[in-house]
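Listed below are the residues making up each chain.
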Amino acid sequence: MADNAKKPRPVYRNIHVTDIVTYRLPLAGIVSILHRISGALMFLLMPFFIWMFDKSVTSEISYDEFTAVFAGDFGWFFKLLALGLIWGYLTHFCAGVRHLAMEITHSYTKQAGKSTAGVALVVSTGLTVVLAAKLFGLF
């Protein structure tokens, strides 16, 4: 009879709003959420991106106006907007490449998900820091 004893079944619970702060999300989950946030950010900053592209390629005069905006009194604000767009693009791109690589190689193990999430996060953060330093004139 001991062999037929029932094992306790795992308990799955829904995460309540109050548990969000204390819930430990795995690295792959963090990258997945950042992928969604960065996509939404790029969508919201699309008018700014279109304005930047329009001003930079229309004529030499509009390009001078474009560069003057980034050098003006509120240049720091426009640089922060551009940095948000850069972060969104790089994070979305690196996470997207991660998802494509996982789908092509069919490596859906926990270890592969954790390692590729770490690589995507480090690469996107590193590139964002380098481009932020260039944007704000550190080199």
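Refer to the preceding data block for the structure.
Predicted model only: the values in this text are computed from it and were never measured. Residue positions are given per chain, counted from 1 along the sequence in the order it is written. Owing to the predicted nature of the model, reporting of local features is limited to residues with pLDDT of at least 70; listing and counting of side-chain atom pairs is limited to 80 or more, with chain, interface and lining totals taken over all residues. Remark: hydrogens and water are excluded; side-chain values derive from all non-hydrogen atoms of the structure.

Caption draft 1: Focus on the packing of helix 2 (residues 46–57) against helix 3 (residues 60–71). Between helix 2 and helix 3, the least distance of the axes is 7 Å, while the angle of their chain directions is 130°. By the criterion of interaxial angle, the relationship of helix 2 to helix 3 is oblique. Of the residues in helix 3, those in contact with F48, W51, M52, D54, K55 and S56 of helix 2 are S62, Y63, E65, F66, V69 and F70. For the contact of helix 2 with helix 3, the residue count by class is 7 nonpolar, 2 polar and 3 charged. An axis is simply a line fitted to the C-alpha atoms; with a helix, the fit covers only the stretch in contact. Between two such axes, the angle follows the N-to-C directions and lies from 0 to 180 degrees. Helix and strand labels come from DSSP, where a helix needs a run of H or I of at least four residues and a strand needs a run of E of at least two; each type is numbered from the N terminus. Every angle not falling under 35 degrees, over 145, or within 65 to 115 is termed oblique; those three ranges are roughly parallel, roughly antiparallel and roughly perpendicular. Only heavy atoms matter for contacts: two residues are in contact if any of them lie within 4.5 Å across the pair. Charged means Asp, Glu, Lys or Arg here, nonpolar means Ala, Val, Leu, Ile, Met, Phe, Trp, Tyr, Cys or Pro, and polar covers whatever is left, Gly included.

Caption draft 2: Here's a closer look at the nonpolar core. Here, the term nonpolar core denotes a set of buried Ala, Val, Leu, Ile, Met, Phe, Trp, Tyr and Cys residues that are joined through side-chain atoms within 4.5 Å. Relative accessibility decides the category of a residue: with a 1.4 Å probe and only protein chains considered, values under 20% of the type maximum give buried, values over 50% give exposed, and everything between is partly exposed. In terms of nonpolar packing, the biggest core is built from 8 residues, these being M42, L45, F48, M52, F66, F70, A82 and L85. Mapped onto this core, the elements with two or more residues apiece are helix 2, helix 3 and helix 4 (75–105). Not counting chain neighbours up to four residues away, the residues in contact with A82 comprise F48, F70 and L135.

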